[in-house]
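Breakdown of the fold
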Amino acid sequence: MGSSSSLYSALAKTVSRPPLPHPRDSTYNLDQNLADPLELLQECREVLRNRPAQLQRALVQTGHGDSRQTIRVMQWNVLAQALGEGMDSFVQCPVDALNWAERKYLILEEILTYRPDILCLQEVDHYFDMFQPVLASLGYQSSFCPKPWSPCLNVENNNGPDGCALFFNHKRFQSLNTTHLRLSAMMLKTNQVAIIAALRCRDTGRAFCVAVTHLKARSGWEVLRSTQGSDLLRNLGNVAQRIETEEKADADVPLIVCGDFNAEPSEDVYRNFATSSLGLDSAYKHLSTDGKTEPPYTTWKIRPSGECCHTLDYVWYSHRAFDVNAVLDFPTAEQIGPNRLPSYNYPSDHLSLVCDFSFKDPTLVSQ
């Protein structure tokens, strides 16, 4: 279904750039020859014209905060190409729905549709040949932290290790510091990673930290996930404190933490984040009628063992410093379809999370 078209002109220009000057961080040529995001979006849709239409989702306004100066954040496990084709066994997903020649356009279509200011991704195994050059052409600065023992490397014809990637709009934010973490558990380094980026908002001059992570998967590893989460919280506190000192801030540096936690809200790692001294709350609770409940699912797939419908992905934020202006709702079961995810019109088994934040009045934050 669909055509395996060659790269169109604008996308072709982005992937023909010279190699990166640094193996993990991209900061070069961000102010020259920026691509038109609407043009790229149209090109994606032209390539995908024979596939079913994109899932329709709406931004739900919360009625909080100043909508004139929002920071849009997208959290998304994009599904590593090597895992999707070689290891994850999506038994109801046709093989040709996962071919990279077209699936990359589905991924770009999702990103370009919502045009986040900050983009936090997991399972990225095409950073250097797709994500980085294309998004750099749109003005994003980025950082990539691969897993030390990526399962992608066990797949024949893989494209290298998968890992976490963090992108931000260079025109809106200045980079102050970037920290790459290999998460620890019981004083031992694990295979899971995180990135913490300290940024300054160019409009307001305010500093804040954004983090992206992907915790250990599968049932039976709940204690390890909890310990990894505690290690991340400790590092977040240390980085924020360091930035506070460097910036001579008179209030706590606020945080936004995105991730595939591989954990339902009933797990300890979720409770640890919800009760942390860092003052974090989960943005997607704003979708619920009571303001206290997570969505019923963020991932929905069918594997040989059966149907898996879980809430595993979160966007945490400093509730004393940020307001949540809007969140992107989720497609219904009917929209997703009986074969679930991924599919011909959605490229991952995880749905993207999109939130609009705004800074609260700093005089109120410091009180």
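Everything quoted here is computed from the prediction, not taken from an experiment.

As for the pattern of salt bridges
- Following the criterion strictly, the structure yields 18 salt bridges and no others.
- Across the salt bridge formed by E222 and R225, the nearest N and O atoms sit 3.8 Å from each other. Residue E222 and its partner R225 are located together in helix α6 (residues 222-247), separated by three residues, close to a single helical turn.
- A relative accessible area of 31% places E222 in the partly exposed class.
- When the shortest N-O distance is used, the salt bridge between R340 and E307 registers 2.7 Å. Placement of the pair is R340 in the loop between α8 (333-336) and β16 (353-359) and E307 in strand β13 (residues 306-310), with a sequence separation of 33 residues.
- A relative accessible area of 15% places R340 in the buried class.
- Look at the salt bridges and you will find they share partners, linking D117, R172 and D203 into a network.

A word on the packing of helix α4 (residues 100-114) against helix α5 (residues 127-136)
- For the pair α4 and α5, interaxial distance at closest approach is 12 Å and the crossing angle is 40 degrees. On the basis of their axis angle, the class for α4 and α5 is oblique. Pair α4 / α5 crosses with right-handed handedness. Note on element contacts: α5 touches α4 through M130, F131, V134 and L135, opposite W100, K104, I107, L108 and I111.

Let's talk about the state of the cysteines
- Here the structure, examined in full by the defined rule, presents zero disulfides.
- C44 takes part in no disulfide bond, and the closest cysteine sulfur to it belongs to C93, at a distance of 19 Å.
- In this structure C44 comes out as buried when scored by relative accessible area, which is 0%.
- Cysteine C355 shares no disulfide, and the gap to the nearest cysteine sulfur, in C258, comes to 7.2 Å.

Digging into the layout of surface pockets
- Put simply, the largest pocket is a space of about 790 Å³.
- Taken together, 34 residues line the largest pocket, and the ones lying closest to its centre are K216, A217, R218, N262 and R303.
- Breaking the lining of the largest pocket down by element, the ones donating at least two residues are β8 (188-201), α6, β12 (299-303) and β13.
- Classifying every residue of the lining of the largest pocket by side-chain character gives 11 nonpolar, 10 polar and 13 charged.

Re the side chain of S142
- With respect to the helices, strands and loops of the structure, S142 is situated in strand β5 (residues 140-146).
- S142 sits in the buried class, given a relative accessible area of 5%.
- At a separation of 2.7 Å, a polar atom in the side chain of S142 contacts the side chain of Y127.

Notes on unusual backbone geometry
- Cis geometry marks the peptide bond from L341 to P342, where omega comes out at -5 degrees.
- In this fold, P342 is placed in the loop between α8 and β16.
- Although it is not a glycine, E123 adopts a positive phi angle of roughly 60 degrees.
- Within the element layout of this structure, E123 appears in strand β4 (residues 118-124).

A few points about the pairing of strand β6 (residues 163-169)
- Within β6, seven of the seven residues are buried, which leaves it mostly tucked inside the rest of the structure.
- Looking at chain direction, β4 and β6 are connected through five bridges and run antiparallel. Counted as the bridge partner of L121 is A165 from β6.
- The pairing of β5 with β6 spans seven bridges and is antiparallel. Paired with C145 across the bridge in β6 is C164.

Some remarks on the UniProt feature "domain: Endonuclease/exonuclease/phosphatase" (unreviewed entry) in the chain
- According to UniProt, the positions carrying the feature "domain: Endonuclease/exonuclease/phosphatase" (unreviewed entry) are residues 74-350.
- A helix fraction of 25% and a strand fraction of 33% characterise residues 74-350, whose end C-alpha atoms lie 13 Å from each other.

Things to note about the packing of helix α2 (residues 37-47) against α4
- Orientation of α2 relative to α4, taken along the N-to-C sense of each, is 140 degrees, at an axis distance of 9 Å. Taken together, the axes of α2 and α4 are oblique relative to one another. In this structure, the crossing between α2 and α4 has a hand that is left-handed. Contact residues: α2 offers P37, L40, L41, C44, R45 and V47, while α4 offers E102, Y105, L108, E109, L112 and T113.
- A per-class count over the contact of α2 with α4 returns eight nonpolar, one polar and three charged.

Reading the values: rules and limits
- Residues numbered from 1 in each chain as written.
- Predicted model: local features only at pLDDT ≥ 70, side-chain atom pairs only at ≥ 80, totals over all residues.
- Heavy atoms only, no water.
- Salt bridge = Lys/Arg side-chain N within 4 Å of Asp/Glu carboxyl O.
- Helix = DSSP H or I, 4+ residues; strand = E, 2+ residues; numbered from the N terminus.
- Buried < 20%, exposed > 50% of the residue type's maximum accessible area, 1.4 Å probe, protein only.
- Axes fitted to C-alpha atoms, helices over the stretch in contact; angles between N-to-C directions.
- Parallel < 35°, antiparallel > 145°, perpendicular 65-115°, else oblique.
- Left-handed = near helix turned anticlockwise from the far one by under 90°.
- Contact = heavy atoms within 4.5 Å.
- Disulfide = S-S within 2.5 Å.
- 1 Å grid on protein atoms, 1.4 Å probe; cavity = no way out; pocket = protein on both sides within 12 Å on 5 of 7 lines; lining within 4 Å.
- Points joined across faces, edges and corners; volume = space filled by probe spheres on them.
- Nonpolar A, V, L, I, M, F, W, Y, C, P; charged D, E, K, R; others polar.
- Polar contact = N/O pair within 3.5 Å; in protein donor to acceptor, adjacent residues only side chain to side chain.
- Pairing = 2+ DSSP bridges.
- UniProt positions renumbered as here; feature names shortened; annotations may be inferred.

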